[in-house]
Amino acid sequence: MAKEFSHIDTSGNPSMVDVGAKEVSARSATARCIITLPSEVIMQMQNDEMHTKKGPVFQTAIIAGVMAAKRTSELIPLCHPLNLEDCQVSIRPLPGNKVEVRCTAKLYGKTGVEMEALTGTSIAALTIYDMCKAFSHEIIISDLCLISKTGGKHEFNRESS
């Protein structure tokens with residue numbers, strides 16, 4: 001069976017997916033991105049955190065990521081407004097002037113939380129950029145992707161495939 005876009009109705013118009021008949025299930029999604037920081041920015045790091053005049057960078061980015069995940073339906077047209085039951089953002093330094101940002105969103109509902117995880121990851125990364133751009137504009141945000149999703153019709157796990 002050929003796949004079709006889910007947000008297009010039979011007339012070809014944009015349409016929110018009707019989830020009314022779907023089964024309620026536990027759903028979760030994890031997204032990730034990588035930020036490459038130039039040396040000027042990395043030099044600001046102490047004990048896996050950076051402190052700027054705007055405050056602690058990673059702690060602020062974690063809060064921004066959670067806030068963004070909770071407001072995904074206000075940012076992306078046709079996303080269902082969801083009451084997330086859990087949202088966790090983690091930020092960790094990697095070798096080679098890189099930082100990994102991950103966001104995991106969870107709920108018990110009729111629709112998945114992939115967009116919430118991706119939005120949380122994106123906004124956390126953009127917050128890091130915003131707070132560090134005074135040191136350098138050479139910051140690169142890359143490799144934003146869905147790592148895993150559970151619940152619903154299809155399970156997905158990039159790390160096991």
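Above this text you will find the structure in question.
Here the residue numbers are simple positions, counted from 1 along each chain's written sequence. It should be noted that, the model being predicted, local features are given only for residues of pLDDT at least 70 and side-chain atom pairs only at 80 or more, the latter also being counted only at that level, while totals for whole chains, interfaces and linings use all residues. Calculation of side-chain values draws on the structure's entire complement of heavy atoms; hydrogens and water are dropped beforehand.

Q: In this structure, what is going on with the sheet that holds strand S6 (residues 98–109)? I would like to understand it.
A: Strand pairing within a sheet occurs via backbone hydrogen bonds; the two strands may be parallel or antiparallel. Strands were regarded as paired on the criterion that DSSP finds at least two bridges between them. Numbered from the N terminus, helices here are DSSP runs of H or I no shorter than four residues, and strands are runs of E no shorter than two. Spatially, five strands are ordered S5-S6-S1-S7-S8 in an open sheet, and the strand pairing comes out antiparallel. The open sheet is flanked by strand S5 (86–94) and strand S8 (156–157), the only strands paired with a single partner. Judged from the nine bridges that link them, S5 and S6 form a sheet pairing that is antiparallel. Bridge pairing links Ile 91 to Val 101 in S6. On the sheet, helix H2 (residues 57–70) packs against S5 and S6 and is oriented at approximately 145° with respect to S5. Across the sheet, helix H4 (residues 114–132) is in contact with strand S1 (25–36), S5, S6 and strand S7 (140–150); its angle to S1 comes to roughly 25°. Note on definitions: a residue-residue contact is assigned when non-hydrogen atoms from the two residues lie within 4.5 Å. Only the contacting stretch of a helix is used when fitting its axis, a line to C-alpha atoms as for every element, and angles between N-to-C directions run 0 to 180 degrees.

Q: What am I meant to see in H2 here?
A: Since one α-helical turn is 3.6 residues long, residues separated by three or four positions face the same way. Here, expected helix span is obtained from the residue count minus one, scaled by 1.5 Å. With 14 residues, H2 ought to run about 20 Å at 1.5 Å a step, and its terminal C-alpha atoms sit 20 Å apart, in line with that. When H2 is considered as a whole, its buried residues turn out to be Val 57, Phe 58, Ala 61, Ala 64, Gly 65, Ala 68 and Ala 69. For H2, the buried positions fall inside an angular range of 130° around the axis, keeping them on one side. More than 90 degrees from the buried face of H2, the exposed residues found are Ile 63 and Lys 70. Under the scheme applied here, a residue whose accessible area is under 20% of the maximum for its type counts as buried, over 50% as exposed, and between as partly exposed, the area being computed with a 1.4 Å probe on protein chains only. Working note: the arc is built from the helix axis to C-beta atom directions.

Q: What am I meant to see in the pattern of salt bridges here?
A: Opposite charge on two side chains lets them pair, provided their charged atoms get close. By convention in these notes, a salt bridge is any Lys or Arg side-chain nitrogen within 4 Å of a carboxyl oxygen on Asp or Glu. Within this structure, the stated rule accounts for six salt bridges. Its salt-bridge partner being Glu 100, residue Arg 92 comes within 2.8 Å of it at the nearest N-O pair. Assessed through its relative accessible area of 45%, Arg 92 is described here as partly exposed. For Arg 102, the salt bridge identified is with Glu 100, shortest N-O distance 3.3 Å. Glu 100 shares its class with Arg 102; the two are buried. One continuous salt-bridge network, built from bridges that share partners, spans Arg 92, Glu 100, Arg 102 and Glu 159.

Q: Help me out: how do you make sense of the nonpolar core in this one?
A: Across soluble globular proteins, nonpolar side chains have a tendency to be buried as a group. Residues Ile 35, Met 50, Phe 58, Ile 91, Val 101 and Ile 128 are the most contacted members of the largest nonpolar core, which totals 32 residues. Sorting the residues of this core by element identifies S1, H2, S5, S6 and H4 as the ones contributing at least two each. Sort the elements by how many residues they give to this core and H4 lands first, with seven residues. Discounting chain neighbours no more than four positions away, the residues touching Phe 58 are Met 45, Asp 48, Glu 49, Met 50, Ile 91, Val 99 and Ile 128. Buried residues of nine kinds, namely Ala, Val, Leu, Ile, Met, Phe, Trp, Tyr and Cys, make up a nonpolar core once their side-chain atoms join them within 4.5 Å.

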